[in-house]
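One letter stands for each residue in the lines below.
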Amino acid sequence: MDRLLPLLSLLRRRRALRKAGVATLRLASPSVRAVTPPESASIDDQTVALTVNGRSHVLDLDTRTTLLDVLREHLALTGTKKGCDQGQCGACTVMVNGRRINSCLALAVMHAGDEIVTIEGLAQRDDLHPMQAAFVHHDGLQCGYCTPGQICSAVALLAEHEAGWPSYVTTDLATAPALTDAEIAERMSGNICRCSAYPNIVAAIRDVAEGGHT
Amino acid sequence: MKPFRYERASSIASACASAAGPAAKFVAGGTNLVDLMKLQIETPARLVDIGLLPLAEIEETADGGLRVGALVTNSALAADLRVRRRYPLLSRAILAGASTQLRNKATTGGNLLQRTRCPYFYDTTKPCNKRVPGSGCAALAGLNRMNAVLGVTDDCIAAHPSDMAVAMTVLDAQVETIAPGGATRTIPIDALYRAPGNTPHIETVLARGELIRSVLLPPPPPGRQVYRKVRDRASFAFALVSVAAIVAREGERVRAARVAFGGLSYKPWRSAEAEAALAGAAVTRASFDAAGVAALKDARGYGHNDFKIPLARRTLRATLADAAGIV
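Residues numbered from 1 in each chain as written. Chains lettered and ligands numbered in written order. Predicted model: local features only at pLDDT ≥ 70, side-chain atom pairs only at ≥ 80, totals over all residues.

### Observations regarding the interface of chain B and chain A
Link 1 in the chain: Counting from both sides, the interface comprises 29 residues of chain B and, opposite them, 31 residues of chain A.
Link 2 in the chain: At the level of secondary structure, the elements contributing two or more residues to the side of chain B that touches chain A comprise β1 (5-8), α2 (33-38), α3 (74-79), α4 (81-86), α5 (88-95) and α6 (100-105) of chain B.
Link 3 in the chain: With five residues, α6 of chain B is the largest single contributor of residues to the side of chain B that touches chain A.
Link 4 in the chain: Its residues assigned to classes, the side of chain B that touches chain A comprises 13 nonpolar, 10 polar and six charged. (Contact = placed C-beta atoms within 7 Å. Helix = DSSP H or I, 4+ residues; strand = E, 2+ residues; numbered from the N terminus. Nonpolar A, V, L, I, M, F, W, Y, C, P; charged D, E, K, R; others polar.)

Put into structure tokens, the structure is as follows:
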């Protein structure tokens, strides 16, 4: 049964893509088409409705599918990246109901009804989001693989700071902290950059926090 | 990941009933469980999502404490102004753990119940009594620098990874649960965790289907609260050693002190020995050194983690000095 799982998930993915309005290839062969899970199969599909970048989607999903895989494999939103797939690198960071999370550790079924914003949802047509513009201006990237996660994380960081959230380096917990470089670095510690573009990432975020690139 | 059936619980009673079966698990934030399911270390046949249950509030209690719902996220708890003002050490401990992305998902109940990060628990090619009872412990003679030095046995030297739980332990928090059938109980946090003995796969006293509803924080004790974490990098790393301390002074004497360690044991390690040594002691580094010696007297290193014993003593001394205001 385990060996059939990839085929079944492929079938399911294509079904989901069709529902999502994404062009798919024809099924590979009649023998694949004939595969159906036996009654006793412990595989579970579930219909999940969620909103991504303002657009509603209804998907038939294997319950094991992560939110990251839904975005990339089912909705073809490949801006969100799979780095470590275990919550350590932050490349998969998206915003769910306004809060940043690691989409690799989120089961899509647990996000039914949620509003998700990915890197693709930040720009307004041809106008970059201020954070995107600031990353370009400050050269806050080298290879770019971690950048969508960095930018989503940074956008959420500003909202968290606006809400008065403290961080590990906040000196006085009783008051809302100023957004110093040390605060920005600590608050971005969930996003790793293998190229080590950190100084420019911090500069880009500070720029937007101070009202630049609006 | 193994296939599983997923359901969203609509009430506490139905959640407990659903999770009473043998291969069922509660899921809330899922940041630890989903990771372990990918590795097939956790293989629940049924996942009971409690995320929509009404357990995400922080309430004042009549005695001046707080009741923290099990679904309050780590982020929300650390940012709560009541927590920041009355239990700053709890706020600090939470902010010392993980990343914002993880804290935004991770919940109070889930944080308490997270599994160890012992590398051999994660490495399915190696023996681990916690993962496969009876298979042995690869950490004993392995790369055990992150492992425990207090309260463990040769069957398992895994350390509990939570920072939040260390703070809650020094605050004498209590864990409120409800079991299938509706029976409720209140468990002192220190009694939540089971010593590994020869059954390290059984980590808590919770019964099947028993749900953590909330954590009760008694009114904060007098004294200055400090949480200090020592780790391999400046942020987003598990503790080598952490110390939660509350020190109340009376002139040049310690009136009362509370001490708990993280990173040293299968649970947050409250040190009655250190607290007894500190009660009435002079506010001096010598007293704090003596407390450290008392706290670590039964500690045992396993090679790579031998350094934790002096590190814990020194971290305790520095944390107590900070809490007593003699830095």
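### Quick notes on the domain arrangement of chain A
Residue and element names in this part refer to chain A.
Link 1 in the chain: Each assigned domain of chain A is listed here: domain 1 (2-121) and domain 2 (130-209).
Link 2 in the chain: Residue-level contacts link 15 residues of domain 1 with 12 residues of domain 2.
Link 3 in the chain: Looking at the side of domain 1 that touches domain 2, the elements with two or more residues in it are β3 (93-96) and β4 (99-102).
Link 4 in the chain: Ranked by residues supplied to the side of domain 1 that touches domain 2, first place goes to β3 with three residues.
Link 5 in the chain: Its residues placed into classes, the side of domain 1 that touches domain 2 shows six nonpolar, six polar and three charged. (Domains from an automatic or database assignment.)

### Looking at the nonpolar core
Residues and elements named next belong to chain B.
Link 1 in the chain: Judged by nonpolar contacts, the single largest core of 152 residues is most densely connected at A93, A167, A244 and A245.
Link 2 in the chain: A per-element tally of this core places strand β10 (residues 239-250) first, with eight residues.
Link 3 in the chain: Ignoring sequence-local partners within four residues, the contact set of A93 consists of D163, M164, V166, A167, Y227 and A244. (Core = buried A, V, L, I, M, F, W, Y, C linked by C-beta atoms within 7 Å. Buried ≥ 20, exposed ≤ 12 C-beta atoms within 10 Å, placed from the backbone.)

### Some words on the domain arrangement of chain B
Accessible area lost during the coming together of the parts is what is often quoted as the interface size.
Link 1 in the chain: Under the domain assignment used here, chain B contains domain 1 (5-48) and domain 2 (224-322).
Link 2 in the chain: For domain 1 of chain B versus domain 2 of chain B, the separation of C-alpha centres amounts to 36 Å.

### A short note on helix α3 (residues 67-74) of chain A
Residues and elements named next belong to chain A.
Link 1 in the chain: Among the eight residues that make up α3, six are buried, leaving the element largely enclosed by the rest of the structure.
Link 2 in the chain: If you check which residues of α3 are buried, you get L67, L68, D69, V70, L71 and H74.
Link 3 in the chain: Positive backbone phi, at 55 degrees, marks A76, one or two positions downstream of α3.

### Quick word on the environment of T47 of chain A
All names here are of chain A.
Link 1 in the chain: Along the chain, T47 turns up in strand β1 (residues 45-52).
Link 2 in the chain: Take T47: there are 11 C-beta atoms within 10 Å of it, and that puts it in the exposed class.
Link 3 in the chain: Taking the C-alpha atoms as reference points, T47 and G87, 40 residues apart in sequence, are found 25 Å from one another.
Link 4 in the chain: Once residues lying within four places of it in the same chain are set aside, the contact partners of T47 are V58 and D60.

### Focus on helix α5 (residues 147-162) of chain A
Link 1 in the chain: With 16 residues, α5 of chain A extends 22 Å from end C-alpha to end C-alpha; this agrees with the ideal 22 Å at 1.5 Å per step.
Link 2 in the chain: The complete set of buried residues in α5 of chain A reads T147, P148, G149, Q150, I151, C152, S153, A154, V155, A156, L157 and H161 of chain A.
Link 3 in the chain: Buried positions along α5 of chain A lie against β3, β4, α4 (130-137), α6 (181-187) and α7 (198-209) of chain A together with α6 of chain B.
Link 4 in the chain: G164 of chain A sits one or two residues past α5 of chain A and shows a positive phi near 85 degrees. (Expected span 1.5 Å × (residues − 1).)

### Some remarks on the sheet that holds strand β9 (residues 224-231) of chain B
All names here are of chain B.
Link 1 in the chain: Across the sheet, four strands lie side by side as β9-β10-β11-β12; this open sheet has antiparallel pairing. Bordering the open sheet on either side are β9 and β12 (269-270), each of which pairs with just one other strand.
Link 2 in the chain: Here nine bridges tie β10 to strand β11 (residues 253-262), and the two strands are oriented antiparallel to one another. Bridge pairing in β11 links V243 to F261.
Link 3 in the chain: Seen against the sheet, helix α13 (residues 308-324) touches β9, β10 and β11 and runs at an angle of roughly 35 degrees to β10. (Pairing = 2+ DSSP bridges. Axes fitted to C-alpha atoms, helices over the stretch in contact; angles between N-to-C directions.)

### Observations regarding the sheet that holds strand β4 (residues 58-60) of chain B
All names here are of chain B.
Link 1 in the chain: As summarised here, the arrangement of the five strands in space is β4-β5-β8-β6-β7, forming an open sheet in which the pairing is antiparallel. Pairing within the sheet leaves two strands with one partner each, and these edge strands are β4 and β7 (184-188). Across the sheet, the mean angle separating the axes of adjacent strands is 25 degrees when strand polarity is ignored.
Link 2 in the chain: Relative to β7, strand β6 (residues 174-178) runs antiparallel, the two being bridged by five bridges. In the sheet register, V175 faces β7, and the bridge partner there is I187.

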